[in-house]
There are 2 protein chains.
Amino acid sequence: MSTAALLVIGNEILSGKVRDTNSAYLSVELRKLGVDLERILTIPDVIDLIATETRAMSDAYDFVFTSGGIGPTHDDLTMDGVAAAFDLDIMLNQSMVDRMERHSKVPINDAMKKMAMIPDGADVLDVGGLWFPVVVVNNVHIFPGIPELFEKKFDSIRDRFSGVPFQLRRIYVRENESEIAEILNALLREFSELMLGSYPKINEQDYRVLLTLESRDPEYLKRATDTLVSRLPADAIFKIE
Amino acid sequence: MSTAALLVIGNEILSGKVRDTNSAYLSVELRKLGVDLERILTIPDVIDLIATETRAMSDAYDFVFTSGGIGPTHDDLTMDGVAAAFDLDIMLNQSMVDRMERHSKVPINDAMKKMAMIPDGADVLDVGGLWFPVVVVNNVHIFPGIPELFEKKFDSIRDRFSGVPFQLRRIYVRENESEIAEILNALLREFSELMLGSYPKINEQDYRVLLTLESRDPEYLKRATDTLVSRLPADAIFKIE
């Protein structure tokens, strides 16, 4: 199975000025691909921090994604941080300058040139008709923070990431969570490989708990689901999906 | 100044089944209070991980908040993880049992009793008329993952956290970010204490970049804002807030 981690870089998220939607997007998309997202970390725009956390994630997970900090301004420090993570120099990448000039049709200014300063030896992947490529350093994939671009770029290279997707069943239950907790615990003792989620809902009319059952093995999931359904009080089940 | 970190605990967030809104809520509220949120980390429901990350955050920041993992089911492991972080035992807290029984009016079952198992010596804060209190271990504040409860509980104890709030100005600019980047960099050389944010927007009709200027010193902020406005091309400014 493949694992992944996401590093969100940006004071604007931590200070509540901008709401991070890339984490939620990536968690859903990686799940569909069968990649286990195991860590999401949001940190400020500080080179040393970016370096330390990028390196730790790169060592611990198969795929690392970064979000944010690759624009032309002073607070865009992701390229410097990722370079420092792997003791690489930051170099002007001529193929990126060429792409920018083709796109803008005029010579690029210093601020744009800053965006073409990337870790030495990085891979540069052209994606989805966008003028700015995805830069990849070892297993670290560098994405912009702007949600529209993050999503478009990820979508363009999603085929690089894959595993065996999880199958999911949902059971909506009318009882309180504390009333079914013992049934759930017994189920898990029998189906130790099952991923079982139990989520109380406060503002729903028709049910009080959403149960999710997941496995990569459809047969196993079916047996676990059937077992659970047979043990819940019949009138406790509002809906099964 | 006070600093803070948030630990979000839950497979449901990482797997994209539930969208985390507590991070965004807390970032906005702490900002209003003048507390610097410096780290948001989302991890799976694994005791050792919860323990390691809680301890690291507790050592590094003034206030730590956890979100999720305190219900009655098998995957609710936050209390165990926080206890392990500080080498504390998990004990049945009689005052919490009493609260539950007063609320439910009948003897509580084993699943509910699990929710009253908390780290030995923890503080138990009654909040906002809710039957379930906020549990505090050293500087770690343990909150539920359900957004309505997270928000209500935080709101009830917000007075415990405070600092000097930031003042914020926003300038909406019609130019591309790369065209004003050098003006911004020059501004920061003069106003090195200024927090300057620059956020390109793709889908806005009237402007291309939102600039945010922040400082805890209103005078300093005013001087920085006036300086920047005087240097931007007059027709580049769409709006100042």
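Residues numbered from 1 in each chain as written. Chains lettered and ligands numbered in written order. Predicted model: local features only at pLDDT ≥ 70, side-chain atom pairs only at ≥ 80, totals over all residues. Heavy atoms only, no water.

Explanation requested: the sheet that holds strand E9 (residues 167-173) of chain A in the structure shown.
Strand pairing in a sheet takes place through backbone hydrogen bonds and is either antiparallel or parallel in direction. All names here are of chain A. Ordered by their spatial adjacency, four strands build an open sheet running E10-E11-E9-E12, and the pairing between neighbours is antiparallel. In the strand order of this sheet, the two ends are held by strand E10 (195-200) and strand E12 (237-240), each with one partner. Neighbour to neighbour, the strand axes of the sheet diverge by 20 degrees on average, direction disregarded. Packing of helix H8 (residues 177-190) onto the sheet brings it into contact with E9, E10 and strand E11 (209-215), and relative to E10 it is tilted by some 175 degrees. (Pairing = 2+ DSSP bridges. Helix = DSSP H or I, 4+ residues; strand = E, 2+ residues; numbered from the N terminus. Axes fitted to C-alpha atoms, helices over the stretch in contact; angles between N-to-C directions. Contact = heavy atoms within 4.5 Å.)

Which parts of the structure should I look at to understand the packing of aromatic side chains?
Two descriptors summarise a pair of aromatic rings, namely the distance from one centre to the other and the angle between the planes of the rings. With the rule as written, the count across this model stands at 24 aromatic pairs over all chains. Ring plane angle 45 degrees and centroid distance 5.2 Å describe the contact between phenylalanine 143 of chain A and phenylalanine 150 of chain A, whose orientation is recorded as tilted. The class of phenylalanine 143 of chain A is buried, set by a relative accessible area of 0%. Ring plane angle 5 degrees and centroid distance 5.8 Å describe the contact between phenylalanine 154 of chain B and phenylalanine 161 of chain B, whose orientation is recorded as stacked. The exposure class assigned to phenylalanine 154 of chain B is buried, which follows from its relative accessible area of 0%. For phenylalanine 161 of chain B, a relative accessible area of 1% corresponds to the buried category. Here the aromatic cluster, defined as three or more aromatic residues joined through ring pairs, consists of Tyr25, Phe63, Phe65, Phe143, Phe150, Phe154 and Phe161 of chain A. The side chain of lysine 239 of chain A reaches across the aromatic face of tyrosine 172 of chain A, ending 4.7 Å from its centre. Between the NZ or CZ atom of arginine 31 of chain B and the centre of the ring of phenylalanine 166 of chain B, over which it lies, the distance is 3.9 Å. (Phe/Tyr/Trp six-rings, centres within 6.5 Å; stacked < 30°, edge-to-face > 60°. Buried < 20%, exposed > 50% of the residue type's maximum accessible area, 1.4 Å probe, protein only. Lys NZ or Arg CZ within 6 Å of the ring centre and 35° of its normal.)

When you look at the interface of chain A and chain B in this model, what are you seeing that I'm missing?
Put simply, an interface is often sized by how much accessible area is lost when its parts join up. Between chain A and chain B, the contact holds 56 residues from the first and 55 residues from the second. Taken together, the two surfaces of chain A and chain B that pack against each other cover about 4300 Å², and 59% of this comes from carbon and sulfur. Here chain A is connected to chain B by four salt bridges. In this structure, arginine 39 of chain A and glutamate 53 of chain B form a salt bridge, with 2.6 Å as the shortest nitrogen-oxygen distance. If you look at where chain A meets chain B, you find 14 residue pairs in polar contact (both at pLDDT 80 or more). (Buried area = accessible area lost by both parts, 1.4 Å probe. Salt bridge = Lys/Arg side-chain N within 4 Å of Asp/Glu carboxyl O. Polar contact = N/O pair within 3.5 Å; in protein donor to acceptor, adjacent residues only side chain to side chain.)

Even after reading the chapter, I still don't get the relation of the copies chain A and chain B, so can you show me in this structure?
The pair of chain copies shares a relation made of a rotation about an axis and a shift along it. Superposing chain A onto chain B takes a rotation of 180 degrees plus a shift of 0.0 Å along the axis, which leaves an RMSD of 0.0 Å. Such a combination of turn and shift is consistent with a two-fold rotation axis. Minimal C-alpha distance to the rotation axis in chain A is attained by leucine 41 of chain A, lying at 2.2 Å. The share of interface residues of chain A whose copies in chain B are also at the interface is 98%, consistent with both copies meeting through the same surface. (Least-squares fit on C-alpha atoms with pLDDT ≥ 70 in both.)

Can you walk me through the pairing of strand E3 (residues 63-67) of chain A in this structure?
As a general feature of sheets, a regular strand has side chains that alternate between the two faces. Residue and element names in this part refer to chain A. Within E3, five of the five residues are buried, which leaves it mostly tucked inside the rest of the structure. Burial along E3 is two-sided: Phe63, Phe65 and Ser67 and Val64 and Thr66, pointing in opposite directions, are all buried. For strand E1 (residues 3-9) and E3, the ladder comprises five bridges, and the chain directions are parallel. Opposite leucine 7, over in E3, you have threonine 66 as the bridge partner. Taken together, the four bridges between E3 and strand E8 (residues 140-143) define a ladder with parallel strand orientation. The partner of threonine 66 across the bridge, within E8, is isoleucine 142.

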